[in-house]
Amino acid sequence: MSIHARFHIDRGGFALDVDLTLPARGVSGLFGHSGSGKTTLLRAIAGLERAPGGAMAIGDEVWQDESRGVFVPTWQRAVGYVFQEASLFPHLSVRGNLEFGQKRSGRMERRGAGRQPSLDAIAELLGIAPLLGQDPARLSGGERQRVAIARTLLAAPRLLLMDEPLAALDLKRKLEILPYLERLHDELALPIIYVSHAADEVARLADHLVLLDAGRVTASGPLGELLARIDLAGAFDEDAGVVVDAVLEGQDEDGMARLSFPGGTLYAAGRGGAGAPGSRVRCRIQARDVSLALERPRATSIANILPAEVCEVACAGPAGQVLVRLQSGEAALLARISERSRRELAIAPGARVWAQVKAVALLA
């Protein structure tokens, strides 16, 4: 089963023109700079913005097919929408807000709605069970957003749309809520389309990635494959890098997590709750944190030194820098180095080098 969306919306100065197929499981991240069309696409999927001639279907359930005169209004679609602002009802307690979500599900006459989850189960999943009796005005921004997500889930959607749900939060609150979004990914079969212009959120949460630029899809595919493509790295600017799936082997006495991945062994700063030995984890290696050497470095403070082969070299902004795509075992890496270093080390496809990975971010 898949999700298919085809829309053309012309506003004169801006046009959205997409024909997109997404997996109907996991998290699909829509990534692009401001004005690229992310929110417009999400609103068209929800039916909040009608695209003449458009089409939208999830599996065999058609929400829009203008060629057959089909347009299911938003209130009849089994879709949940989480906005940047939580917009809780101030006159209702947290429990009252969640019960509103349940009632909304019960009175919607829509096709294909999922089975309604229990209020208590969703409250536990999002860590808001102790807050049920509180007034929304007393909640932090992260707590309010978790309540808003819970309320949306209790409406039993078949598809969850999230429009930059962390954009209004400061870094502390953002880090507070991210683990709960990971739990949604891990514990619910519900497909999620997640809009963001933050590379760290996409790297942490998404399984499938869609890059948007000026209203058009420039690339769509599995997250790991797209992040490792050197021709797409420019979309992420200074945040270019790869995501690596690894196995947590253990944690050393100094707090470093020891990971095995298809290229060998990596060491990362430990993160509480990363899991037990043998569990699968996701880590991120940014191109700016990878340097290259022709001989294996000795007496260095860098813990991760991997043998690799150069696959591709491309110019990268700012001026005077290049991106290098490397293969270390079965894993791809990106390195950002200066053009001068590339010349002096004769970095070219086929060259054997040592990749020094200065930092590995343990994501999940």
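These numbers come from a predicted model, not from an experiment.

If you check the backbone angles, E164 has positive phi at about 45° while not being a glycine. Secondary-structure assignment places E164 in the loop between β8 (159-163) and α5 (171-187). A positive phi is found at A299, a non-glycine position, where the angle reads about 50°. Its relative accessible area of 89% is what places A299 among the exposed residues.

The next point concerns the packing of aromatic side chains. By the definition in use, this model includes three aromatic pairs. Relative to F83, the ring of Y81 has its centre 4.2 Å away and its plane inclined at 15°; by these criteria the two rings are stacked. With a relative accessible area of 14%, Y81 lands in the buried category. Over the aromatic face of Y180 sits the side chain of R146, whose NZ or CZ is 4.3 Å from the ring centroid.

Take the nonpolar core next. Among the nonpolar cores identified, the biggest contains 88 residues, and L259, L292 and L326 are the most heavily contacted of them. If one sorts the elements of this core by residue count, strand β19 (residues 331-338) sits on top with six residues. For L292, the contacting residues outside a window of four places in its chain are V324, L326, A335, I337, L345, I347, V353, W354, A355 and Q356. Membership of the second largest hydrophobic core comes to 30 residues, among which are A44, Y81, V195 and V210.

This next bit is on the pairing of strand β18 (residues 321-328). As judged from the seven bridges shared by strand β17 (residues 304-316) and β18, these two strands associate in the antiparallel manner. Directly across from A316, in β18, lies its bridge partner Q321. Counting the residues in the hairpin turn of β17 and β18 gives four residues, including G320, whose phi is positive at 90°.

It is worth spelling out α5 at this point. Between the first and last C-alpha of α5 there are 25 Å, a value that for 17 residues agrees with the 24 Å anticipated at 1.5 Å per step. When we look at burial in α5, the residues that qualify are K174, I177, L178, L181, E182 and L184. For α5, the secondary structure elements touched by its buried residues are α3 (119-125), α4 (141-153), β8, β9 (192-196) and α6 (199-205).

Further remarks concern the sheet that holds strand β11 (residues 216-222). Pairing within the open sheet is mixed, and its six strands lie in the order β7-β8-β9-β3-β10-β11. Edge strands, defined here as strands with exactly one partner in the open sheet, are β7 (79-82) and β11. For this sheet the average axis-to-axis angle between neighbouring strands, irrespective of direction, equals 15°.

To continue, consider the pairing of strand β15 (residues 280-286). In terms of burial, β15 is a largely internal element, six of the seven residues being buried. Where strand β12 (residues 241-251) and β15 come together, seven bridges link them in antiparallel fashion. Note that in β15 the partner of A246 across the bridge is V281. Across two bridges, β15 lies against strand β21 (residues 361-362) in antiparallel orientation. Looking at the pairing, C283 lines up with L362 of β21.

As a further point, take α4. In this model, α4 (13 residues) spans 19 Å end to end at C-alpha, consistent with the 18 Å of a helix rising 1.5 Å per residue. Within α4, ten of the 13 residues are buried, which leaves it mostly tucked inside the rest of the structure. Listed in full, the buried residues belonging to α4 are G142, Q145, R146, V147, A148, I149, A150, R151, T152 and L153.

Looking now at the side chain of R282. With respect to the helices and strands, the residue R282 is situated in strand β15. In this structure R282 comes out as buried when scored by relative accessible area, which is 13%. One polar contact links the side chain of R282 to the main-chain carbonyl oxygen of A203, over a distance of 2.9 Å. In this structure the side chain of R282 is engaged in a polar contact, spanning 3.3 Å, whose partner is the backbone oxygen of R204.

Scoring rules and cut-offs
- Residues numbered from 1 in each chain as written.
- Predicted model: local features only at pLDDT ≥ 70, side-chain atom pairs only at ≥ 80, totals over all residues.
- Heavy atoms only, no water.
- Helix = DSSP H or I, 4+ residues; strand = E, 2+ residues; numbered from the N terminus.
- Buried < 20%, exposed > 50% of the residue type's maximum accessible area, 1.4 Å probe, protein only.
- Phe/Tyr/Trp six-rings, centres within 6.5 Å; stacked < 30°, edge-to-face > 60°.
- Lys NZ or Arg CZ within 6 Å of the ring centre and 35° of its normal.
- Core = buried A, V, L, I, M, F, W, Y, C linked by side-chain atoms within 4.5 Å.
- Contact = heavy atoms within 4.5 Å.
- Pairing = 2+ DSSP bridges.
- Expected span 1.5 Å × (residues − 1).
- Axes fitted to C-alpha atoms, helices over the stretch in contact; angles between N-to-C directions.
- Polar contact = N/O pair within 3.5 Å; in protein donor to acceptor, adjacent residues only side chain to side chain.

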